[in-house]
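Fold and geometry: a report
One letter stands for each residue in the lines below.
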Amino acid sequence: MFHLPKYVRRGAMDYSLITLLHGMKFRKLLETLCRSLEEQYGLNKTELQILFYLHTAGGKNTCKDIMELKLFTRGHISQALGHLMKKGYVVIVQDEKDRRYTHNHLTDQAGTLAEELREIFRRARDILMQGLTEEEKRILASAAKKINKNIDQAIGGKERAI
């Protein structure tokens, strides 16, 4: 059971901010929006997230790159990539310069699914931003970058552009 820290219960930080930072409601929204794709394509949410990451990652497509998201364990990534490969959505190619690394590329077969995921993430963004002014969106984006930087520094991670 998750319990709020004492400083939160005393009002130092609003509970809605805590849930936002934990991503609980956003994860629930994405799970709801992705449920039909999971059923249609026979994939789980980890596999869908990794597929979408690869769709947007460009050259940052190694397992190490995926691990930098800090969303999945190495085992989950390997298992998901193996299933995506069996389904024909991903091909794994050995790095020519450093054979310890492999690059994960989406196949043409993954194109439709990746575009459906892009639309789901667009819908999720629209739901999140509904009713916010342009100024509020700008402030939120700026605050999110600072919060992510603070977290990355606190856990010893690399600062990443959002």
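Our subject is the structure listed above.
Everything quoted here is computed from the prediction, not taken from an experiment.

Here we look at a nonpolar patch on the surface
Judged by side-chain polarity, Ile-147, Ile-151 and Ile-155 come together as a nonpolar surface patch covering roughly 250 Å² of accessible area. Here Ile-147 lies in helix α8 (residues 134–155).

Quick look at the packing of helix α4 (residues 45–57) against helix α6 (residues 74–86)
Here α4 crosses α6 at 80 degrees, and the two axes come no closer than 9 Å. As judged from the angle between their axes, α4 and α6 are roughly perpendicular. Only Ile-77, Ala-80, Leu-81, His-83 and Leu-84 of α6 make contact with α4, whose side of the interface consists of Thr-46, Glu-47, Ile-50, Leu-51 and Leu-54. When grouped by side-chain class, the residues that make up the contact of α4 with α6 number 7 nonpolar, 2 polar and 1 charged.

Looking at the packing of aromatic side chains
One pass over the structure, following the stated rule, counts 2 aromatic pairs. For the pair Tyr-41 and Tyr-89, a centre-to-centre distance of 6.3 Å together with 70 degrees between the ring planes defines the contact as edge-to-face. Of this pair, Tyr-41 sits in helix α3 (residues 24–41) while Tyr-89 sits in the loop between α6 and β1 (90–94), and the two are 48 residues apart along the sequence. The same class applies to Tyr-41 as to Tyr-89, namely buried. Each ring, one from Phe-52 and one from Phe-121, has its centre 4.4 Å from the other, and the planes form 5 degrees; the classification is stacked. A residue pair is termed long-range when its members are at least 10 positions apart, and Phe-52 in helix α4 and Phe-121 in helix α7 (residues 111–129) qualify at 69 residues. Here Phe-52 falls in the buried class, since its relative accessible area comes to 13%. By relative accessible area, Phe-121 is classed as partly exposed at 25%.

So, how was this worked out
Counting starts from 1 at the beginning of each chain's written sequence and moves along it residue by residue. Predicted model: local features are reported for residues with pLDDT of at least 70 only, side-chain atom pairs are reported and counted for 80 or more only, and whole-chain, interface and lining totals are derived from all residues. Based on all heavy atoms of the structure, the side-chain values leave hydrogens and waters out of the count. Patch definition: residues with relative accessible area over 30% and no salt bridge; like charges joined within 9 Å; nonpolar side chains (Val, Leu, Ile, Met, Phe, Trp, Tyr) joined within 5 Å. The method behind every accessible area is Shrake-Rupley, applied with a 1.4 Å probe, and residues are considered shielded solely by the protein chains displayed. By salt bridge we mean one thing: a side-chain nitrogen of Lys or Arg within 4 Å of a carboxyl oxygen of Asp or Glu. A run of DSSP states H or I qualifies as a helix once it reaches four residues; a run of E qualifies as a strand once it reaches two. Both are numbered from the N-terminal end. The axes used here are C-alpha line fits, helices contributing only the stretch in contact, and every angle between their N-to-C directions lies in the interval 0 to 180 degrees. Note on terminology: angles under 35 degrees are roughly parallel, angles over 145 are roughly antiparallel, angles of 65 to 115 are roughly perpendicular, and the others are oblique. Contacts are residue-level and defined by heavy atoms, with any inter-residue pair within 4.5 Å sufficient. Side-chain classes are defined by residue name, with Ala, Val, Leu, Ile, Met, Phe, Trp, Tyr, Cys and Pro counting as nonpolar, Asp, Glu, Lys and Arg as charged, and the others, Gly among them, as polar. Working definition: rings of Phe, Tyr and Trp (its six-membered ring) pair if their centres are within 6.5 Å, and the pair is stacked with planes under 30 degrees apart, edge-to-face with planes over 60 apart, and tilted otherwise. Categorising residues by exposure relies on relative accessible area from a 1.4 Å probe, with only protein chains included: less than 20% of the type maximum marks a residue as buried, more than 50% marks it as exposed, and the intermediate range marks it as partly exposed.

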